[in-house]
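# Working through the structure, step by step
The lines below spell out each chain.
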Amino acid sequence: MIKNFQNVKEMNNVCVPARFPLDNAATIYPACRTRNWNNVYRFAIIFKDEINPVFLQQAVDDFYSRMPTYFVRLRTGAFWYYFERIRHSKVVVQEDYYPCRAVNLFSSEKPCFRVMYYKRRLSLECFHGVADGGASLIFIKSIAARYLQLLGHDIEISGDLLDCNDSFSKAEFEDSFKRHAVKVKGVKRKEASSLQYDADPIPNYYKVIHGLIPVEDLKAISREYRITITEYLVAVLLYAFYLDAPKPCKKPIKVSVPISLRNSFESSSLRNFSLYTNIGFDAPKKDDYTFEEILEEIRGKLREGMEKEALLKAFSKNVGDAGNPFVRFMPNAIKRHVLNFGFRKIGQNQFIASITNLGIAKMPEAAMRYIDRFEVLLGETPIKHIAIALISDGKNMNISFTSNAARTNVQRDFFTFLSQKGVKVRIECNDKESWLRQ
Amino acid sequence: MRCLKCNVDLGDEYQLCPLCGSQAADDKPVIKGMRTAEYPDVEYRPYPKRIVLGFFIAYVLACAAGMAADYALNRRLGISVFAALAMPCIWALFIRPFVVKKEYVGSYLVQDVFFLAILMLYISKVGIGNFSSALSGGIPILLIVSEITLLISSLIERYNRVNAIIYLLSGAVADIVLIVIALISKNVSLIMPLAALGVAIVSLSIIKALASKEFNEEIKARFKP
């Protein structure tokens, strides 16, 4: 039986207040939303059997008190947006449309995330302002573990899984950016703008192409070049964009790589705690690049971008800017448009697409017996029409391209390049009929 | 199934390769033991934005054409302006309430009051020759009705209080604006605007007395930078 909070006083009895401010990284997301779009990403777990929605709803219900920062709606203050906790409601629905469509952020009945099921797929779609991928991966894995428990399987809650009977802690609620930020001076954000992906977006359309690849194959090929799998796939992606770009290429080609700060800084936060670094190569410098040359150009750049010192400087600058009295006291109605302008005209111009690697999604061995694989999808933005997300279960890497355009040149170049190198690839798509319609 | 052109495995359900569009070959997949995780069949729905925008543009053009014809024939703007103002009122009062949820009652009340106030101002100007009757009677009565509605909705449903506080504060500001207008233009009566302000203050006091903490937190959350 779910205990609904009846008033603010009851809500405040746990460590999360009824209303609380957005964390430092989340402030941009409500500001840059449009009428039909907000930044939503998806995690999915493919089970071996079809999903039982009754048990799934019960599993999500059990986390209502455990994950209070998820059961929230967005509200508009005079100076900033803030979250308000909402009463419990049924959030599990059957999937019936394309993934990552906008979430109703301001509804007093539904939270800023949704849980969906379709046959074997359990999906969690979450507004990025609520939490980052690292936190949501923990959430969906915990829901899956609880769901399997409710089905009668003996699943031990271990590792980073959350027990729905535990209480939410203050450490999970903290804005870790603020805790770790230091005073910095002279940090510049300005970067050369990148080439942009040329596509005709189809409104309210979302094409997903999954590439399933054995991890062993990727390990072997990246070992050849003495780099990590992420670095190798970033290089392949840059090469695919380079092949697709008009020649001569007049701008650098850079991709944005989100980095979870939980690996570098101590944090148990279940909110946003990640940052981006842009990696690429100066395409106009040379007439014709080979894959190996691109690889040499980006070698070590990702590691440089992931160094603790560089990350600390970058997010300390963000925290410092947000704390500036001029920014803090600017009315929200104006601030929203300033942030939106910065997001569209500056931030989004610095890279051609995002590629995120969530690493290995670990679940207890007993749970993995019922799970086929994991998926992660990044939502496209009004400007970026393609995004790439990687996740692995230890055996297979699931590379998911998401796009709101019909053309698939980059996806084709990316996967055929890998298959030419001897990597085994299996392709799945959410819109099998798209070629028949063209 | 496999795509021989891209050299990739495909599920058994695929006729065409999702990457290149070529015909899938009936070959055995290289990666063994994989099952396709199906997505639902989706009927593509474009945003209704364009349809709404089309209607809006058509409406504005029709109003503009009506006004131009009215002015050309009669040298005054009469029935066409009334029609232009009446359309949003019909939409706000008779159509939208049936398609909205109760959680938005406050925001729709505010919009309805706004549309109706403009209509009242226009009718008073055309019918009486000045705005006094709307400013001293119609609009304050409208505000009083909406303030009482907000109070009742917040008494019935605890969760509506947070919105009611903000809308009542907005109503109080509108009442003050009416009082200032009445003070400036001497032919407008002060009684009804003052009564509307009184209702707003009493309503806010009742909510504060019933839920002092919620009241304080809502104000703090909304206005704290």
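No experiment lies behind these values; they were computed from the predicted model shown.

This next bit is on the overall build of chain A. Along chain A, the regular secondary structure elements total 16 helices and 15 strands. Computed over C-alpha atoms, the radius of gyration of chain A comes to 21 Å, within 12% of the 22 Å expected from 2.2 N^0.38 for 438 residues, which places it in the range of a compact globule. Viewed in the frame of its principal axes, chain A has a C-alpha envelope of about 65 × 55 × 40 Å. When the 438 residues of chain A are sorted by exposure, 59% land in the buried category. For chain A, long-range pairs separated by at least 24 residues make up 77% of all intrachain contacts whose partners lie at least 6 apart in sequence. Total accessible area on chain A is roughly 17800 Å²; 51% of this is exposed by carbon and sulfur atoms.

What follows deals with the domain arrangement of chain A. Residues and elements named next belong to chain A. Under the domain assignment, chain A is made up of domain 1 (8–180) and domain 2 (207–437). For domain 1 versus domain 2, the separation of C-alpha centres amounts to 23 Å. With 72 residues of domain 1 in contact, the opposing surface of domain 2 contributes 57 residues. Of the roughly 5100 Å² buried where domain 1 meets domain 2, counting both sides, 59% is carbon and sulfur surface. Interface area lost by domain 1 to domain 2 is led by Phe79, Phe177 and His180, which between them contribute 12%. Viewed at the interface, domain 2 and domain 1 are joined by 3 salt bridges. One salt bridge connects Asp132 with Arg262, and the closest N-O pair in it is separated by 2.9 Å. For the interface between domain 1 and domain 2, the tally reads 31 residue pairs in polar contact (both at pLDDT 80 or more).

Quick look at a negative patch on the surface now. Residues and elements named next belong to chain B. On the surface, Asp12, Glu13, Asp26 and Asp27 cluster together into a patch of negative charge. Residue position: Asp27 is located in the loop between strand 2 (8–10) and helix 1 (49–74). Note on Asp27: relative accessible area 35%, which makes it partly exposed.

All right, on to the interface of chain B and chain A then. Note: interface size is frequently given as the accessible area lost on complex formation between the parts. With 49 residues of chain B in contact, the opposing surface of chain A contributes 66 residues. The contact between chain B and chain A buries some 5400 Å² in all, and 54% of this surface belongs to carbon and sulfur atoms. Residue B:Glu38 is joined to A:Lys119 by a salt bridge in which the shortest nitrogen-to-oxygen separation is 3.2 Å. For the pair chain B and chain A, the number of links is 17 residue pairs in polar contact (both at pLDDT 80 or more). Of the residues forming the side of chain B that touches chain A, the biggest block, 7 residues, is contributed by helix 7 (residues 212–223) of chain B.

With antiparallel pairing, the 3 strands of this open sheet are ordered in space as 1-4-3 (chain A). If you trace the sheet from one side to the other, it starts and ends with strand 1 (19–21) and strand 3 (72–76) of chain A, each paired once. Recorded for the sheet is a direction-independent mean angle of 35° between the axes of neighbouring strands. Strand direction decides the pairing type here: strand 1 of chain A and strand 4 (residues 81–85) of chain A, joined by 3 bridges, are antiparallel. For A:Pro21, the partnering residue across the bridge sits in strand 4 of chain A and is A:Tyr82. Docked against the sheet, helix 7 of chain B engages strand 1, strand 3 and strand 4 of chain A, running at close to 150° with respect to strand 4 of chain A.

Our next topic: the domain arrangement of chain B. Taken domain by domain, chain B comprises domain 1 (1–42) and domain 2 (127–223). One C-alpha centre belongs to domain 1 of chain B, the other to domain 2 of chain B, and the line joining them spans 64 Å.

Before going further, it helps to spend a moment on the sheet that holds strand 12 (residues 371–377) of chain A. Residue and element names in this part refer to chain A. In spatial order, the strands read 5-6-7-2-12; together these 5 strands make up an open sheet with mixed pairing. Of all the strands in the sheet, just strand 5 (92–94) and strand 12 have a single pairing partner and so form its edges. For this sheet, the mean inter-axis angle between neighbouring strands, taken without regard to orientation, is 20°. With respect to the sheet, helix 3 (residues 53–61) is in contact with strand 5, strand 6 (113–118) and strand 7 (121–127), its orientation differing from that of strand 6 by roughly 160°.

Here we take up the pairing of strand 4 of chain A. All names here are of chain A. Within strand 4, 5 of the 5 residues are buried, which leaves the element mostly enclosed by the surrounding structure. With burial as the criterion, each face of strand 4 is covered, one bearing Tyr81, Phe83 and Arg85 and the other bearing Tyr82 and Glu84. Alignment of strand 3 against strand 4, held across 5 bridges, turns out to be antiparallel. Across the sheet, Arg75 pairs through a bridge with Tyr82, a residue of strand 4. Two successive antiparallel strands, strand 3 and strand 4, enclose a turn made up of 4 residues.

All names here are of chain A. Across the interface, helix 3 lies against helix 4 (residues 133–150) with an axial gap of 8 Å and an inter-helix angle of 125°. Here helix 4 runs oblique to helix 3, going by the angle between their axes. For the pair helix 3 and helix 4, the sense of crossing is right-handed. Along its contact with helix 3, which presents Phe55, Leu56, Gln58, Ala59 and Val60, the element helix 4 presents Ile143, Arg146, Tyr147 and Leu150. Here the residues of the contact of helix 3 with helix 4 are counted per class, giving 7 nonpolar, 1 polar and 1 charged.

Once that is clear, we can look at the side chain of A:Ser354. All names here are of chain A. Along the chain, Ser354 turns up in strand 11 (residues 353–360). With a relative accessible area of 14%, Ser354 lands in the buried category. When sequence neighbours within four positions are dropped, the list of residues in contact with Ser354 reads Ser256, Leu378, Ile386, Ala387 and Ile388.

Before going further, it helps to spend a moment on the pattern of salt bridges. All names here are of chain A. Counted under the stated rule, the structure contains 28 salt bridges over all chains. The partner of Lys424 in a salt bridge is Asp217, with the nearest N and O atoms 3.5 Å apart. Of the two residues, Lys424 is situated in the loop between helix 15 (409–420) and strand 15 (426–429) and Asp217 in helix 7 (residues 215–224); the sequence distance between them amounts to 207 residues. With relative accessibility at 16%, the residue Asp217 sits in the buried group. Measuring nitrogen to oxygen at the nearest pair gives 3.4 Å for the salt bridge that ties Lys285 to Glu297. Here the residue Lys285 occupies a position in the loop between strand 10 (274–281) and helix 9 (291–298), and Glu297 occupies one in helix 9, the gap between them amounting to 12 residues.

Scoring rules and cut-offs
- Residues numbered from 1 in each chain as written.
- Chains lettered and ligands numbered in written order.
- Predicted model: local features only at pLDDT ≥ 70, side-chain atom pairs only at ≥ 80, totals over all residues.
- Heavy atoms only, no water.
- Helix = DSSP H or I, 4+ residues; strand = E, 2+ residues; numbered from the N terminus.
- Rg over C-alpha atoms; globule rule 2.2 N^0.38 Å.
- Buried < 20%, exposed > 50% of the residue type's maximum accessible area, 1.4 Å probe, protein only.
- Contact = heavy atoms within 4.5 Å.
- Areas by Shrake-Rupley, 256 points an atom, 1.4 Å probe, with all protein chains shown as cover.
- Domains from an automatic or database assignment.
- Buried area = accessible area lost by both parts, 1.4 Å probe.
- Salt bridge = Lys/Arg side-chain N within 4 Å of Asp/Glu carboxyl O.
- Polar contact = N/O pair within 3.5 Å; in protein donor to acceptor, adjacent residues only side chain to side chain.
- Patch = residues over 30% accessible without salt bridge, like charges linked within 9 Å, V, L, I, M, F, W, Y side chains within 5 Å.
- Lys, Arg positive; Asp, Glu negative; His and termini not counted.
- Charge placed at Lys NZ, Arg CZ, Asp CG, Glu CD.
- Pairing = 2+ DSSP bridges.
- Axes fitted to C-alpha atoms, helices over the stretch in contact; angles between N-to-C directions.
- Parallel < 35°, antiparallel > 145°, perpendicular 65-115°, else oblique.
- Left-handed = near helix turned anticlockwise from the far one by under 90°.
- Nonpolar A, V, L, I, M, F, W, Y, C, P; charged D, E, K, R; others polar.

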